[in-house]
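Structural overview for review
These are the residues of each chain, in order.
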Amino acid sequence: MTDSNDNKKIGAKGYILPALVVATSFLMIYTVVVIIPDMTMVKIKPTQYAMEYIEKDEKGNIIRDAKGMPVPNAAGRGRKVYVREGCLYCHSQFVRPQDRDFGSKVHAGDYANETPNVLGTSRTGPDLSNEGGKMPDAWHVGHLRSPRDYTPGSIMPSFSFLNEEDLLDLVAYLQSLGVKRMEDPANRHIYEAYYPEADDAFWKASELHKPNVDSATAANAGAGIFRQNCAVCHGTNGLGNGPNALAMAKKPANFTRPYYKAYSDKTWYYRVAEGVPGTRMPRWKLKLKPEQMWYLVAFLKTLPQDSGEIIAPYQTINDLDWEDQSALPQQLTDKFLQIGKQKAEGTYKANPGGPTAGSGGH
Ligand code: HEC
Ligand code: HEC
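Predicted model only: the values in this text are computed from it and were never measured. (Residues numbered from 1 in each chain as written. Chains lettered and ligands numbered in written order. Predicted model: local features only at pLDDT ≥ 70, side-chain atom pairs only at ≥ 80, totals over all residues.)

Now for the overall build of the protein. The number of helices and strands found in the protein is 13 helices and 0 strands. Seen in sequence order, the protein has helices and strands lined up from the N terminus as α-α-α-α-α-α-α-α-α-α-α-α-α. The buried share of the protein, reckoned over its 362 residues, is 29%. Across the protein, every contact between residues at least 6 apart in sequence was considered, and the portion connecting residues at least 24 apart equals 72%. (Helix = DSSP H or I, 4+ residues; strand = E, 2+ residues; numbered from the N terminus. Buried ≥ 20, exposed ≤ 12 C-beta atoms within 10 Å, placed from the backbone. Contact = placed C-beta atoms within 7 Å.)

As structure tokens, then:
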């Protein structure tokens, strides 16, 4: 009996030293790994562009649910759908100095309130950092349900299985991306719709890249870009009867109406670049380059402006014939031959004057 009592005493004492060693090593590791870095590392503070995905009341207080957790707003709920559906496997959300096409650059603090992060690593689809405000809500809903109806040949999967609520939350999230950057006056030259001070910069940039818009080459290039981006709404021949037009309240323009005879090159360019507010016509300057928009102008100018119809019978998606983007329609080839003849005879007039750019007034 005494034996075992002695053993216990020795045992209890024998553990003190190892326990101290373990505790001290743990403290040292904790100091080196956690405390020192925490004291010395630069803390990322939210920038003015950091988004908040939680609901707040008028006084700016966070609204909490019964368990004390912050309640997400529509964009915050949409962010969860974005993560759940794996959008980040194909879309990144960071714009580095070397990324030219995705709007203004991002900084670490822009992401301060975001967990988990959705930076992504792959750009199978375009970067979405500045997606907000690029496209109308209805475009997003349609595109998410059926990407190929909006971007021919898109490999983005259809998300038509999402219920209405998730879909609208997701659109709210997409529309939130980068909007604070867009609202910053410093970034106006990149984002803002037509405003008077932009005149110079806008037109200088466009003139720099202007091809000869009266050439068949430019019109031909434009024809391809038109089929890819515009035919879904405006129809393959610009009659305003693309398959999407059927479901639209404000119908796409029919470019073959005599009304468009009055359009100057600049008016066409301005309209393509800035879109038509209050309709589903996108602001293409956020997606296309000045050259591409000029090619479109060259193409639009070649359309016969002799149609009395506002909207021709609607096309179906099969009428769009995405494969054949090389050749101009016969009527245009004829028109170029005619222009060539007039030029030879010296009777050719490049463009009848017309309203100046921006006279649309908005
Ligand atoms: C398999 C890869 C893939 C996945 C997954 C994917 N996308 Fe895309 N996405 C693309 C591609 C490719 C494009 C470019 C073609 C197009 O516009 O459809 C694109 C385009 C887009 C655009 C248009 C961007 C612009 O400005 O033109 C948006 C918005 C978008 N995706 C949102 C989403 C959302 C939200 C999800 C998740 C619900 C998602 N995508 C999932 C590949 C993907
Ligand atoms: C999602 C559908 C949609 C797409 C895609 C689209 N448009 Fe439009 N477009 C419209 C609508 C709607 C209008 C507004 C018509 C109106 O104001 O009555 C419009 C108007 C226009 C106008 C102005 C016409 C005017 O009366 O001044 C031009 C120019 C134009 N589109 C060119 C294009 C070009 C070029 C593309 C492709 C790069 C394109 N659109 C793609 C729907 C679309």
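On to helix α3 (residues 137-145). Within α3 the residues assigned to the buried category are H140, H143 and L144. End-on, the buried residues of α3 take up no more than an arc of 95°, which puts them together on one face. The elements touched by buried residues of α3 are α4 (147-150) and α5 (164-176). (Arc of directions from axis to C-beta.)

Once that is clear, we can look at the packing of α3 against α5. Relative orientation of the contacting elements α3 and α5 amounts to 125°, with a least axis distance of 10 Å. On the basis of their axis angle, the class for α3 and α5 is oblique. Our pair here, α3 against α5, has a crossing hand that is right-handed. Only L167, L170, V171, L174 and Q175 of α5 make contact with α3, whose side of the interface consists of D137, H140, V141 and L144. Grouping the amino acids of the contact of α3 with α5 by side-chain chemistry returns 6 nonpolar, 2 polar and 1 charged. (Axes fitted to C-alpha atoms, helices over the stretch in contact; angles between N-to-C directions. Parallel < 35°, antiparallel > 145°, perpendicular 65-115°, else oblique. Left-handed = near helix turned anticlockwise from the far one by under 90°. Nonpolar A, V, L, I, M, F, W, Y, C, P; charged D, E, K, R; others polar.)

Below, the discussion takes up the site of ligand 1. Taken together, 24 residues are adjacent to ligand 1, and C87, C90, G125, S154 and M156 come closest. For the shell around ligand 1, the class distribution of residues is 13 nonpolar, 7 polar and 4 charged. (Near = placed C-beta within 6 Å.)

Around ligand 2 there are 20 residues in total, and C230, C233, P252, R271 and M281 lie nearest to it. Looking at the shell around ligand 2, the elements with two or more residues in it are α10 (231-234) and α11 (265-274).

Residues of helix α2 (residues 74-84) that are buried: A75, G76, R77, G78, R79, V81 and Y82. Contact partners of the buried residues in α2: α5. Two residues or fewer after α2 comes G86, characterised by a positive phi angle close to 75°.

The next point concerns unusual backbone geometry. Between T115 and the following residue, P116, the backbone shows a cis peptide bond with an omega angle of -10°. Structurally, P116 is set in the loop between α2 and α3.

Looking at the element boundaries, K289 is found in the loop between α11 and α12 (290-302). The exposure class assigned to K289 is partly exposed, which follows from the 14 C-beta atoms found within 10 Å. C-alpha separation for the pair K289 and H209, spaced 80 residues apart in sequence, amounts to 8.8 Å.

On to the confidence of the model for the protein. With 82% of its residues at a pLDDT of at least 70, the protein reaches an overall mean of 82. The model gives residues 352-362 a pLDDT under 50, and that stretch makes 19 contacts with residues more than four places away or in other chains. (pLDDT = per-residue confidence, 0-100.)

Turning to the packing of α11 against α12, a few remarks are in order. Contact pair α11 / α12: the axes reach a minimum separation of 9 Å and the direction vectors enclose 120°. Taken together, α11 and α12 sit at an angle that is classed as oblique. Crossing handedness for the pair α11 and α12: right-handed. From α11, D265, W268, Y269, V272 and A273 reach across to α12, where they touch M293, W294, L296, V297, L300 and K301.

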